[in-house]
Amino acid sequence: MQNNKSGFNTKLVHAGSFEDEFGSATVPIYQTSTFSFKSAQHGADCFSGKSDGYIYSRIGNPTIKALEQNIASLENGYDGIATSSGMGAISSVYMALLGAGSHIVSSDAVYGPARVILEQDFSRFNVKATFVNTSNVDNIISAIRPNTKVLYVETPANPTMELTNLKECSKIAKEYNLFLVVDNTFCSPYLQKPLDFGADVVLHSVTKFINGHADIVGGIIVTKDAEIYRKIRHSMVYMGSNMDPTQAYMVLRGVKTLAIRIDRAQETAMKVAKYLQSHPKVAWIKYPGLENHPQHELAKKQMNGFGSMMSFGLTGGFEAGKKLMDNVHLATLAVSLGGVETLIQHPASMTHAAVSSENKIAAGITDDLVRYSIGIEDPDDILSDLESALEMC
Ligand SMILES: *Cc1c(COP(=O)(O)O)cnc(C)c1O
């Protein structure tokens, strides 16, 4: 059906799928909590690892496995670990790779809750965290301590849209013996493959681009090798942040169109970005596809496209941004991103509300920042929606 040499779209449609006894064209939903053993000996063999039979759906399930192998193949990784949510993926990775007394260096503009659980929860177990602007790799080197175990980056970062150089990070991680973990949610494996640049672990909120239809919350982790895979799978299974079979089925359905959805959305995004850039009421805009983006050259090298996410601020500041959000009609005022529908939100009061104001300012999450996720609607409709809303600002 497909192999490692297959093209990306072929993998999207076929990777991980298997033939069942009825010749089902899609991967069936194995909606079961548990699996029967053929004999007492078979049960014992499944538990000891002599047999790779399924035991219990928190540990493994055929529908979930199909998704794990699909995404692992897209990311050129060893294998995947599907989770209940993106945060389930992030917390499983933290749990597996950090311990009392250890230290993590992370991008300062990461997904808000990925920072909050380090500062408010893992800190109670004496895990230390330093947040720096990883766009400048010198900041990473200065933050490394003897007990640093993990370098965690998100690129482009959420919601500042700044890029981090993955090749440089991988060099640093090797030199200082750190695990390099990359949150690849904003790009999806279609636009960026962090393991190819030397990352050890890549993770996603599949809620966003990978599923793409705003109807499921889920996460996935893909590792470079078997050793890290076993560590993280242990955390996921024992902490219980597993995905559900129906969730996996939905994501398998959504992922098939990942490339055509992104191609469409990023073509529109470029038009929208140029429109906003030349609009007199727009004070600034960050989109990796624009030449004035600080890491535009890096984006060309590291990403296979500029994506459909952007952030901008209006000359009228937060009040004008609020008016814009209240006056768009096609774009939905909602958090989340990467779906077929256009979404708009205000990170300072929404996704990043739990991050302290001084940390927000330090990370560049200003009060006027509006985040825009372009969908696959007709570009002219998206543009005229913006145009009429901007008239009200
Ligand atoms: C949404 C998001 C997450 C968290 O994922 P959930 O599925 O909501 O738990 C993590 N990282 C990034 C970049 C995200 O956008």
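Anyway, here's the lowdown on the structure attached to this text.

What counts as what
- Residues numbered from 1 in each chain as written.
- Predicted model: local features only at pLDDT ≥ 70, side-chain atom pairs only at ≥ 80, totals over all residues.
- Heavy atoms only, no water.
- Near = heavy atom within 4 Å.
- Polar contact = N/O pair within 3.5 Å; in protein donor to acceptor, adjacent residues only side chain to side chain.
- Helix = DSSP H or I, 4+ residues; strand = E, 2+ residues; numbered from the N terminus.
- Nonpolar A, V, L, I, M, F, W, Y, C, P; charged D, E, K, R; others polar.
- Pairing = 2+ DSSP bridges.
- Axes fitted to C-alpha atoms, helices over the stretch in contact; angles between N-to-C directions.
- Contact = heavy atoms within 4.5 Å.
- Left-handed = near helix turned anticlockwise from the far one by under 90°.
- Salt bridge = Lys/Arg side-chain N within 4 Å of Asp/Glu carboxyl O.
- Buried < 20%, exposed > 50% of the residue type's maximum accessible area, 1.4 Å probe, protein only.
- Expected span 1.5 Å × (residues − 1).

**Quick notes on the site of the ligand**
Taken together, 14 residues sit near the ligand, with Gly-86, Met-87, Asp-183, Thr-207 and Lys-208 positioned nearest. Within the contact set of the ligand, an oxygen atom lies 2.8 Å away from a backbone nitrogen or oxygen of Met-87. At 2.7 Å from an oxygen atom of the ligand is found a side-chain nitrogen or oxygen belonging to Thr-207. Looking at which element gives the most residues to the shell around the ligand, the answer is helix 4 (residues 86-97), with three residues. Classifying every residue of the shell around the ligand by side-chain character gives five nonpolar, six polar and three charged.

**Regarding the sheet that holds strand 6 (residues 201-205)**
If you trace the seven strands from one edge of the open sheet to the other, you get 1-7-6-5-4-2-3, paired in mixed fashion. Looking along the sheet, the strands with just one partner apiece sit at the ends: strand 1 (79-83) and strand 3 (128-132). Going across the sheet, the axis of each strand differs from the next one's by a mean of 20°, ignoring polarity. Pairing of strand 1 with strand 7 (residues 219-223), which is carried by five bridges, proceeds in the antiparallel orientation. Residue pairing across strands places Gly-80 opposite Val-222, the latter belonging to strand 7. Along the sheet face, helix 5 (residues 112-120) touches strand 2 (103-107), strand 3 and strand 4 (148-154) and points at about 140° away from the line of strand 3.

**Things to note about the side chain of Thr-268**
Relative to the helices and strands, Thr-268 resides in helix 11 (residues 258-277). Within the local environment of Thr-268, its side chain forms a polar contact with the backbone oxygen of Arg-264, the two atoms lying 3.2 Å apart. Ignoring anything within four residues of it in the chain, the contact list for Thr-268 reads Ile-374, Pro-379 and Ile-382.

**Regarding the packing of helix 4 against helix 9 (residues 226-239)**
Viewed as axis vectors pointing N to C, helix 4 and helix 9 meet at an angle of 115°, and their least axial separation amounts to 8 Å. In the crossing of helix 4 with helix 9, the sense of the turn from one axis to the other is right-handed. For the pair helix 4 and helix 9, contact is made by Ser-92, Val-93, Met-95, Ala-96 and Leu-97 and by Ile-228, Lys-231, Ile-232, Ser-235, Met-236 and Met-239, respectively. Along the lines of polarity and charge, the residues of the contact of helix 4 with helix 9 split into eight nonpolar, two polar and one charged.

**Considerations on the pattern of salt bridges**
If you walk through the whole model with that rule in mind, you get eight salt bridges. In this structure, the salt-bridge partner of Lys-224 is Asp-200, at a minimum N-O distance of 2.8 Å. On the criterion of sequence distance, the pair formed by Lys-224 in the loop between strand 7 and helix 9 and Asp-200 in the loop between helix 8 (188-191) and strand 6 is long-range, its members being 24 residues apart. Residue class for Asp-200 comes out buried when judged on its relative accessible area of 8%. Taking the shortest distance from any N to any O, the salt bridge between Glu-297 and Lys-300 comes out at 3.4 Å. Placement of both Glu-297 and Lys-300 in helix 12 (residues 296-302) is noted, with a separation of three residues, approximately one turn of the helix.

**Considerations on helix 9**
Taking 1.5 Å as the rise per residue, helix 9 with 14 residues should run 20 Å; its terminal C-alpha atoms sit 20 Å apart, in good agreement. Among the residues of helix 9, those classed as buried are Ile-228, Tyr-229, Ile-232, Arg-233, Ser-235, Met-236 and Val-237. Residues of helix 9 that are buried sit in contact with helix 3 (62-74), strand 1, helix 4, strand 5 (179-183), strand 6 and strand 7. Of the residues that open helix 9, the one with a side-chain oxygen 3.1 Å from the backbone nitrogen of Glu-227 is Asp-225. One or two steps after helix 9, the chain reaches Gly-240, where phi turns positive at roughly 75°.

**Considerations on the environment of Thr-130**
By the secondary structure assignment, Thr-130 is in strand 3. The class for Thr-130 is buried, based on a relative accessible area of 18%. A C-alpha to C-alpha distance of 30 Å links Thr-130 and Ile-71, two positions 59 residues apart in sequence. Ignoring any residue separated from it by four or fewer positions in sequence, one finds Thr-130 in contact with His-103, Ile-104, Val-105, Ser-106, Ala-143 and Arg-145. In this structure the side chain of Thr-130 is engaged in a polar contact, spanning 2.6 Å, whose partner is the side chain of His-103.

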